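Take a look at the letters that make up each chain.
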Amino acid sequence: TTVALPEGNKDGTEWTIRVLQEMGFPPDWCIIDHSTEETTKTILEAGFFCGHTVYPRTKLSAERFANLVDQFGPERMMVNSSADWGASDPLSVPKVVLELRRRGHSDAVIERIVWSNPVELFGKSGRLVLPGATPSARPERSPRPGAVSP
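Residues numbered from 1 in each chain as written. Predicted model: local features only at pLDDT ≥ 70, side-chain atom pairs only at ≥ 80, totals over all residues. Heavy atoms only, no water.

### Here we look at the sheet that holds strand β4 (residues 77-80)
Phase 1 of the analysis: Reading across from one edge, β1-β2-β3-β4 is the order of the four strands in this open sheet, with parallel pairing throughout. Looking at the sheet topology across the chains shown, the edges are occupied by β1 (2-4) and β4. Taken over all neighbouring pairs, the strand axes of this sheet differ in orientation by 25° on average, direction set aside.
Phase 2 of the analysis: As paired strands, strand β3 (residues 49-53) and β4 are joined by four bridges and run parallel to one another. Opposite H52, over in β4, you have V79 as the bridge partner. (Pairing = 2+ DSSP bridges. Helix = DSSP H or I, 4+ residues; strand = E, 2+ residues; numbered from the N terminus. Axes fitted to C-alpha atoms, helices over the stretch in contact; angles between N-to-C directions.)

### What about the pairing of β3?
Phase 1 of the analysis: Among the five residues in β3, five count as buried, and that is most of the element.
Phase 2 of the analysis: Neither face of β3 is left uncovered, since the one carrying F49, G51 and T53 and the one carrying C50 and H52 both have all their residues buried.
Phase 3 of the analysis: Looking at chain direction, strand β2 (residues 31-33) and β3 are connected through two bridges and run parallel. Following the sheet pairing, I32 is matched in β3 by C50.
Phase 4 of the analysis: Taken together, β2, helix α2 (residues 40-45) and β3 constitute a β-α-β crossover, and its handedness is right-handed.
Phase 5 of the analysis: Remark: the β3/helix α3 (residues 62-72)/β4 crossover connection has right-handed handedness. (Buried < 20%, exposed > 50% of the residue type's maximum accessible area, 1.4 Å probe, protein only. Right-handed = clockwise from strand over helix to strand, strands pointing away.)

### Brief notes about helix α1 (residues 10-22)
Phase 1 of the analysis: In this model, α1 (13 residues) spans 18 Å end to end at C-alpha, consistent with the 18 Å of a helix rising 1.5 Å per residue.
Phase 2 of the analysis: By the burial criterion, the buried members of α1 are G12, T13, T16, I17 and L20. The arc that holds every buried residue of α1, seen down its axis, measures 135°, which confines them to one face. Facing away from the buried side of α1 by over 90 degrees, the exposed positions are D11, W15 and E22.
Phase 3 of the analysis: Looking at the buried positions of α1, the neighbouring elements they touch are β1, β2 and α2.
Phase 4 of the analysis: G24 occupies a position one or two residues after α1 and carries a positive phi of about 75°. (Expected span 1.5 Å × (residues − 1). Arc of directions from axis to C-beta. Contact = heavy atoms within 4.5 Å.)

### Section: helix α4 (residues 92-102)
Phase 1 of the analysis: Regarding α4, the residues found buried are S92, V96, V97, E99 and L100. Buried residues of α4 fall within an arc of 165° about the axis and therefore sit on the same side. Opposite the packed face of α4, turned more than 90 degrees from it, sit the exposed residues L98 and R102.
Phase 2 of the analysis: Lining the buried residues of α4 we find α3, β4 and α5 (107-123).

Okay, structure coming up:
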C-alpha cells in the first residue's frame, strides 16, 4: 500500500501513521511517500518504508535525498521520480544514483534503495514476479483488517 503525503506536512504524517497504527496495518506492508527532511525520521521510527519523490525544483532534490541517506542509511528507504504536474524529471533516480556514488556510497547501498527495498515491499503482494526469481510466499493473513486475500 502506498500513502502519499502533501509536501512538508509533519502533522499530516503523524496523523497518517496514527490512523494506520489504529487500524492495525502492518508498517512493513506500506510505503509513506513524498517524505522530506521534516518527515523521514518519523516514518522510519514507526517502521514504515519511506518514499522520496525527487523533483528538480520542488519537494526534494537528488542532493537533499542523498543527505537523508547519509543521515538515516538505506534501511526501508526508497526513491522515485515523477513526470506529472509542474517541472518533473523522469531521470531523477539515475541522478540520485550518481549523487550517492559521488558521496562514496557502495553499490550495495544504492541497490538496496533503488531495487531491493522496492522488491521487498511490493513482492509481499505475491504479484511481483521477476524473471528467474521464486515468487515471495504470501502471508497467511491479509494486511488489512477485514480484507479478503485474492
